[in-house]
Amino acid sequence: MSDKKTIRTAAQKKALINRLKRLEGQIRGLEKMIEEDAYCNDILQQSMSAGSAIDGFNQELLECHVKGCVAAGIKNNDEEIVDELMKTIRKLMK
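Residues numbered from 1 in each chain as written. Predicted model: local features only at pLDDT ≥ 70, side-chain atom pairs only at ≥ 80, totals over all residues. Heavy atoms only, no water.

Caption draft 1: View of the nonpolar core. Counting 6 residues, the largest nonpolar core consists of L23, L30, M33, I43, A50 and A53. For this core, the elements supplying multiple residues, two or more each, are α1 (10-35) and α2 (40-75). In contact with M33, other than residues within four places in its own chain, are A38, D42, I43 and Q46. (Core = buried A, V, L, I, M, F, W, Y, C linked by side-chain atoms within 4.5 Å. Buried < 20%, exposed > 50% of the residue type's maximum accessible area, 1.4 Å probe, protein only. Helix = DSSP H or I, 4+ residues; strand = E, 2+ residues; numbered from the N terminus. Contact = heavy atoms within 4.5 Å.)

Spelled out as structure tokens, the structure:
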């Protein structure tokens, strides 16, 4: 983990935290479904929904990163920021 910090607006923090809270609810729902012996296909459908929720979170966070951190890094001649971004994008696309 990096020692770097990102300053986010209150709106950005709220949007990201709201997405995480929805995802947390979906994960709890999956746990409950397992505990209650729910039908496998129903659990899979809920799991796919949670996967989509994490994808949405990642997309929103990536947008904040590009518009904030990466843009600032480029303005400050930080050549490593683009390499870091590309490495992250490759991991997201696996």
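Caption draft 2: Local environment of the packing of α2 against helix α3 (residues 80-92). Running from amino to carboxyl end, α2 crosses α3 at an angle of 165 degrees, the nearest separation of the two axes being 10 Å. Regarding the angle of α2 to α3, the classification is roughly antiparallel. Where α2 crosses over α3, the two elements pack in a sense that is left-handed. On the side of α2, the interface is formed by N58, L62, H65, V66, C69, V70, G73 and I74, while α3 contributes I81, V82, E84, L85, I89 and L92. (Axes fitted to C-alpha atoms, helices over the stretch in contact; angles between N-to-C directions. Parallel < 35°, antiparallel > 145°, perpendicular 65-115°, else oblique. Left-handed = near helix turned anticlockwise from the far one by under 90°.)

Caption draft 3: Structural view of the side chain of Q26. Tracing the backbone shows Q26 in helix α1. The buried category is assigned to Q26, whose relative accessible area is 16%.

That's the geometry; what it means functionally is another story.
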